[in-house]
Structure formats: C-alpha cells, structure tokens
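Working through the structure, step by step
Single-letter residue listing:
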Amino acid sequence: MRPEVLTRLLTVGCLLLCGLPAHAGQGAVASPDRYGAEVAAHVLKAGGNAVDAAVATAFALAVTYPEAGNIGGGGFMTIYQDGKPYFLDYRETAPKAASRDMYLDADGKVVPHMSLVGARAAGVAGTVMGLWQAHQRFGKLKWRQLVEPAIRYAERGFTVADRQFQYRGEAVQLFAGKTNFAQYFGKMKAGETFRQPELAATLKRIARYGAADFYQGQTAQLLVAQMKRDHGLISAEDLKDYRARWRDPIRIDWRGNVIYTAPPPSSGGVALAQLLGIKENRAADFAGVTLNSPRYIHLLAEIEKRVFADRADYLGDPDFVDAPAAALVDPGYLKRRAAEINPRAISATPDIQPGLEPHQTTHFSVVDRWGNAVANTYTLNFDFGSGVVVKGAGFLLNDEMDDFSAKPGVANAFGVVGKDANAIAPGKRMLSSMTPTIVTRDGKVTLVIGTPGGSRIFTSIFQVLNNLYDFDMPLQLAVAAQRVHHQLLPKDTIYYDEYAPLTGPVADQLRSLGYTLQDQGWRMGDIQAVRVDGAVTETASDPRGRGMGIVVGD
C-alpha cells in the first residue's frame with residue numbers, strides 16, 4: 001500500500017465516530033448514513049433489540065438514502081437471535097407477466113437499458129413484507145414506533161449530502177424523458193433540506209396497517225396505477241401473492257469461527273464459502289505474501305475467476321432450479337478447485353469451466369445489548385432503481401430485473417454473465433450477490449458485516465476478512481484498505497477504485513503478468529461492520545461512503 005494512502009486511511013480512522021470502541025454488552029450500529037445510525041441508536045436505547053433497530057433503520061434509509069434505501073426494492077437479512085441463526089429472503093420476484101425473452105429484440109439481441117430503466121425493469125418489491133415478517137417474529141417494540149422516525153424525516157426533511165447530489169445528477173440524465181424521476185428528485189441540492197410528503201403519507205399508512213397496505217391496500221392501488229400508466233408488468237395479483245421466505249443460512253466453519261451468511265437466491269454465501277475454502281487449501285501460496293502485493297492480487301484473481309465460473313452456471317432461485325449449494329462448498333470439491341490454481345501465471349480464461357460434473361445497494365449491521373445481531377442488505381439495484389416513482393406514494397421502484405440473465409451468456413450491467421439457472425420466469429427470484437454475514441465464535445457474535453457493490457460484494461467481504469484474520473489489521477483500516485476485483489470476464493481484467501487506486505510498481509508487475517487494470521468508475525463497496533472482541537465493541541463505516549457507526553451505552 002502506498003504511504004500516502006496509508007496516511008489517509010489512518011487519518012480517516014482517527015476522525016470517524018465509527019472507530020470508537022466501547023465495552024461489550026452494549027448495542028452498536030454501522031449504517032451508510034448518519035440518519036440511519038441515529039435512528040438505530042435511539043431504538044437500541046429505548047430497549048429495542050437488533051431486529052427492531054434494523055426495521056427502523058431500513059425505513060429511515062428509504063427516506064434519507066433514496067439511491068438505495070427503499071420500500072420499493074428487496075433484500076436479505078441474516079439474523080442471530082438468542083444464540084440461533086436465521087435468514088430471511090425478501091428478494092424481489094419477476095411479475096407473472098414476465099417472460100424469458102422479454103428484453104430481447106426481434107433479432108434476439110438484448111435491448112440496451114430495457115432491464116434497467118422504466119416500469120418494465122421493476123420486480124415485485126419485497127422490502128416491506130420482509131421488514132414486517134422480521135418484526136412479527138422477533139421484534140420487541142411496536143411496529144408504529146419503528147416507522148415513526150422515517151415519517152418524521154419524510155415530512156420535515158433531511159439534509160442532502162454532496163455525493164448523494166452527484167448520484168442524483170447522473171440519474172436525472174439517465175432517466176430524462178423516460179420516467180418521472182426528475183419530477184420528484186430533480187430539485188435535490190447538496191446542503192439543502194429535502195422533503196417527501198407523498199412518501200410520508202405512504203409511511204403513515206404502513207405504520208398503521210402494516211405490510212397489508214403495501215400489498216393489498218391504498219399503496220398497492222397506487223403502485224398498480226403507476227404500472228398501467230407506464231406499461232409495466234406488476235399487477236394487483238403479483239402484490240397480493242408476494243411472500244418472503246425464511247431459509248436456512250449458509251454455514252461456514254472457518255478457523256474456529258462459524259460464519260452465517262446468505263443462501264440462494266443469493267450467490268454471495270456460496271461464493272464467500274468458496275473463496276475462503278479455496279484460499280485455505282492454497283495457504284502455502286499466501287505464506288509471507290504482503291497484502292495487496294502483485295502476488296497477493298494474482299492469487300485472489302485465480303480464486304475469484306473459478307468462483308464466478310460456478311456462479312454463472314449453477315446458481316439461481318432454489319424454488320425454481322436445483323441449485324447445488326452443498327456440492328459447491330463441499331471440502332473435497334474446494335480442494336479440487338484449489339488444485340487448478342496457477343500461483344505464478346494467469347490461467348487461460350477459456351480453460352476455466354464450471355467445476356461440478358454434468359450501482360446501488362446498501363447495507364447496515366446491528367448488535368444489541370443481549371448479543372443478538374442483524375446483517376441486512378437491501379437494494380433497488382442501480383442508483384435510484386428504475387427511475388420510476390409511484391405517483392401519489394412517493395417511492396422509487398427497483399430495476400432488479402437486470403439481475404436475471406436476459407440472454408444466456410450476455411453480461412448484465414455489472415458485467416456478470418449467467419445461464420439457464422438464472423433465466424427470467426414468472427414469480428422467480430433473480431440471482432443476487434448480496435452477502436449479509438454474521439461471524440460467531442463459541443456461540444457468540446464477533447463480527448457483523450456486509451456491503452453494497454453488485455458482483456463486488458462477496459469479494460469485498462472476503463478481502464476484509466483476510467485483512468482482519470490474516471493481517472490482524474484494526475477494524476477501520478481493514479475496512480478502508482485497498483480492494484480489487486476479478487470476475488472471470490472481461491478476460492484477465494482486475495478492477496480497482498479511485499479511493500485506493502492500483503498504481504506504481506504493483507500495477508506494472510501485474511501488467512507484466514498479462515492483466516488489464518481498470519478503474520471501475522465507482523467506489524468498490526461501502527462496508528458497514530460491527531465487531532465484538534472480548535470486552536470491546538467497535539464499529540467501522542467505509543470511508544468510501546458517508547456512513548456512521550455508533551456504540552450505544554447503557
């Protein structure tokens with residue numbers, strides 16, 4: 001790592017609230033903005049548990065972080081409650097009127113932006129149902145109490161952040177003449193108060209009637225009316241029939257820790273298990289290797305390309321396809337995949353086959369005083385989703401349909417390819433990379449972590465875990481350190497971001513190996529982490545974003 005980057009990281013770590021430790025047994029939150037953090041801290045102080053705080057934070061971010069926080073999207077929640085792990089899948093689903101080739105033209109080619117912009121890009125939203133079911137099962141405080149802070153921010157307003165304004169400007173250009181985005185968000189300005197009265201009214205209905213309003217009440221009617229105006233596909237029947245799913249989390253036994261993370265329809269948990277497992281099998285190659293040196297980055301790329309080859313062929317909605325998650329993380333399989341790695345040269349991309357035989361999401365992490373935890377990642381997909389705002393209800397709809405394989409072998413907006421397992425089908429959940437993760441040791445939570453970033457999500461979490469457990473870095477520096485990404489295709493390409501660019505002798509040596517290095521044009525993730533280490537609880541919010549961590553005292 002370059003000296004100036006390390007100095008920058010140390011300065012950030014000293015300045016941010018998120019670096020401040022406190023005694024264990026207290027609650028803590030790491031959120032992508034200060035509003036979400038403050039709401040969670042208030043709920044924890046009021047006697048709420050981790051799920052209560054997560055629900056309140058999610059609704060608050062739907063107001064103050066509209067580029068990703070949402071009620072018109074979906075996500076995943078990993079929960080550790082009373083010593084037991086749970087996983088809630090509230091991913092969006094394809095409308096009943098969706099079809100396999102809906103984004104192809106008459107020549108069988110993918111129509112640009114059709115799966116990203118406008119009403120036909122939206123899947124059936126799951127966020128409100130997911131938050132409702134999590135609260136019904138585990139919440140302590142009243143539902144209305146948890147929605148109230150979001151109502152307040154929508155009515156009274158919040159202060160627009162600089163980078164938030166930048167994202168809005170880019171979205172206005174993308175959606176111009178195609179959606180009603182500018183009518184609702186065109187006047188957002190950095191440093192000024194932004195109010196959302198229609199959204200406030202929607203949140204009041206949700207506070208009073210629960211999920212029933214969103215899926216069968218007045219809000220549902222407004223959403224369906226928007227679909228009819230914009231020739232979208234979501235129907236009243238789609239909303240009425242939507243269900244969140246409780247699933248068994250992926251369990252990873254790793255170095256005396258037990259990690260609980262996301263199962264299909266997320267690829268994240270399987271991928272994280274593969275990354276960790278293959279790396280353990282190649283431990284001798286990593287011995288004495290410096291963090292983010294050319295050899296280190298090459299070894300990561302060799303591991304990652306095999307994980308993405310498996311992802312493309314095998315993973316999809318388990319309610320529709322037989323996703324072989326257990327086989328993909330089997331120790332024998334990972335040992336065989338590890339044996340394929342070339343530690344000194346690039347493996348030829350055409351030779352990397354699936355191994356079995358025939359921009360914007362957001363995350364927050366919460367722990368409570370009782371040792372319960374929530375890792376929640378939810379999304380609209382790209383910044384501000386499809387750009388469609390439900391008139392009269394004031395919330396944005398997702399563009400998650402782009403996470404399906406519009407055509408087998410054709411890359412989506414994140415450059416990731418998929419095949420039949422992730423083809424579009426009515427009612428099907430699109431494959432995700434979201435990886436909300438909880439690490440435990442001896443039955444107690446030690447780390448809660450997650451990030452946005454599309455296909456970069458699980459590779460980012462993997463690298464932070466390496467930073468913590470291999471290099472013993474302090475939490476804030478582990479989160480802030482340089483990250484890179486390789487995903488098989490484009491061929492031999494390693495991505496980096498402008499926050500910690502890949503330059504100098506390290507870059508030169510990687511190019512000499514045959515790699516192409518590319519600034520991906522946006523910051524690589526926004527890690528939000530809470531760690532409990534013996535008598536100390538601490539949080540870390542990625543300096544790539546505008547988040548905040550708060551440790552809650554008695």
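Here the structure is a predicted model, which is why all the values come from computation and not from measurement.

Focus: the pattern of salt bridges
Here the idea is simple: oppositely charged side chains can pair when their charged atoms come close. Applying the stated criterion across every chain, the model contains 32 salt bridges. With its nearest N and O atoms 2.6 Å apart, the salt bridge here joins D420 to R100. Of the charged contacts in the structure, one is a salt bridge between R544 and D542, with a shortest N-O distance of 3.0 Å. A single burial state applies to R544 and to D542, both of which are buried. Through salt bridges that share partners, E302, K305, R306, D310, R337, E340, K491 and D492 make up one connected network.

Considerations on the UniProt feature "active site" (unreviewed entry) in the protein chain
Within the UniProt annotation, "active site" (unreviewed entry) is assigned to T361. Position of T361 relative to the elements: it lies in strand β10 (residues 360–367). In this structure T361 comes out as buried when scored by relative accessible area, which is 6%. When sequence neighbours within four positions are dropped, the list of residues in contact with T361 reads A68, T377, Y378, T379, N381, M434, P452 and G453. A distance of 2.8 Å separates the side chain of T361 from the side chain of T379, its partner in a polar contact.

What about the sheet that holds strand β11 (residues 373–381)?
The strands that make up a sheet are held in pairs by hydrogen bonds between backbone atoms, and each pair lies either parallel or antiparallel. The antiparallel open sheet is built from seven strands, whose spatial order is β7-β4-β3-β11-β10-β2-β18. Every interior strand has two partners, whereas the edge strands, β7 (245–247) and β18 (548–552), have only one. Averaged over neighbouring strand pairs, the angle between their axes works out to 15° when direction is ignored. Summarising the sheet, strand β4 (residues 84–90) and β7 pair through three bridges and their orientation is antiparallel. If you follow L88 over to β7, its bridge partner there is W246. Most of the contacts of helix α3 (residues 50–64) go to β11, to which it runs at about 20°, and overall it touches β2 (27–31), β3 (74–81), β10 and β11.

Some words on the environment of G454
With respect to the helices and strands, G454 occurs in the loop between β13 (444–450) and α17 (457–469). Classification of G454 by relative accessible area gives buried; the value is 12%. On a C-alpha basis, the gap between G454 and Q518 in space is 17 Å, while along the polypeptide they are 64 residues apart.

Remarks on the side chain of R429
Topologically, R429 is positioned in the loop between β11 and β12 (437–441). Polar side-chain contacts of R429 include one of 3.1 Å to the side chain of D89. Within the local environment of R429, its side chain forms a polar contact with the side chain of Y242, the two groups lying 3.3 Å apart. Those residues in contact with R429 that sit more than four places away from it in its chain are D89, R91, E92, T93, Y242, R243, A244, R245, R247, P265, D317 and F404.

A look at the nonpolar core
F59 and F214 are the most contacted members of the largest nonpolar core, which has 90 residues in total. No other element matches α3, which puts 12 residues into this core. Apart from the residues within four sequence positions on either side, F214 is in contact with I71, A125, V128, I206, T219, A220, L223, L239 and F395. Core analysis: the next-biggest nonpolar cluster, separate from the first, contains 57 residues, F308, Y333, L431 and V464 among them.

With respect to the packing of aromatic side chains
Summed over all chains, the structure comprises 22 aromatic pairs. On the numbers, 5.8 Å between centres and 70° between planes, the contact of Y296 with F471 is edge-to-face. The buried category is assigned to Y296, whose relative accessible area is 2%. The class of F471 is partly exposed, set by a relative accessible area of 29%. Among the aromatic residues, ring-to-ring pairing joins Y35, Y153, F158, F175, F181, F185, F194 and F384 into one connected group. When the ring centre of W246 is taken as origin, the NZ or CZ atom of R137, which lies over that ring, is 4.6 Å away. Directly above the aromatic system of F286 lies the positively charged group of K279, at a separation of 4.6 Å from the ring centroid.

Things to note about the environment of A182
The topology assignment puts A182 in helix α7 (residues 181–185). When the C-alpha atoms of A182 and G316 are compared, they prove to be 34 Å apart, with 134 residues separating the residues in sequence.

Side note on the packing of helix α12 (residues 268–281) against α17
If you want to describe how two helices pack, look at the angle between their axes and the distance between the axes. Contact geometry for α12 and α17: axes closest at 9 Å, N-to-C directions at 40°. When the interaxial angle is binned, α12 and α17 end up oblique. In this structure, the crossing between α12 and α17 has a hand that is right-handed. Contact residues: α12 offers G268, A271, L272, L275, L276 and K279, while α17 offers F458, T459, I461, F462, L465 and N466. Residues that form the contact of α12 with α17 fall into these classes: eight nonpolar, three polar and one charged.

Calculation rules
Residue positions are counted from 1 within each chain, in the order its sequence is given. Residues qualify for local features only when their pLDDT is at least 70, as the model is predicted, and side-chain atom pairs are given and counted only at 80 or more; totals for whole chains, interfaces and linings, by contrast, use all residues. Here the side-chain values reflect all heavy atoms present in the structure, with hydrogen atoms and water set aside. Salt bridges are defined by distance alone: a side-chain nitrogen of Lys or Arg within 4 Å of a carboxyl oxygen of Asp or Glu. Buried residues are those whose accessible area, probed at 1.4 Å on protein chains only, stays under 20% of the maximum for their type, while exposed residues exceed 50% and partly exposed ones sit between those limits. UniProt positions are given in the numbering used here, feature names are shortened, and annotations may be inferred rather than shown by experiment. Only runs of H or I of at least four residues qualify as helices and only runs of E of at least two qualify as strands under DSSP, and these elements are numbered from the N terminus. Any two residues having at least one pair of non-hydrogen atoms within 4.5 Å are treated as being in contact. The term polar contact refers here to a pair of N or O atoms within 3.5 Å; inside protein, the definition further demands a hydrogen-donor-capable atom paired with an acceptor-capable atom, and it admits residues adjacent in sequence only when both atoms are side-chain atoms. Paired strands, in this sense, are two strands between which DSSP finds at least two bridges. Lines fitted to C-alpha atoms define the axes, with helix axes restricted to the stretch in contact, and inter-axis angles between N-to-C directions lie between 0 and 180 degrees. Side-chain atoms within 4.5 Å link the members of a nonpolar core, which is a set of buried Ala, Val, Leu, Ile, Met, Phe, Trp, Tyr and Cys residues. Whether two aromatic rings pair depends on their centres lying within 6.5 Å, for rings of Phe, Tyr and Trp, where Trp uses its six-membered ring; planes under 30 degrees apart make the pair stacked, over 60 edge-to-face, and the rest tilted. Lysine NZ or arginine CZ positioned within 6 Å of the ring centre and within 35 degrees of the ring normal marks a charge as sitting over the ring. We call two directions roughly parallel when the angle between them is under 35 degrees, roughly antiparallel when it is over 145, roughly perpendicular when it lies between 65 and 115, and oblique otherwise. When the near helix sits turned anticlockwise from the far one by under a right angle, the crossing is termed left-handed; a clockwise turn instead gives a right-handed crossing. Three categories are distinguished: nonpolar for Ala, Val, Leu, Ile, Met, Phe, Trp, Tyr, Cys and Pro, charged for Asp, Glu, Lys and Arg, and polar for the others, with Gly belonging to the last.

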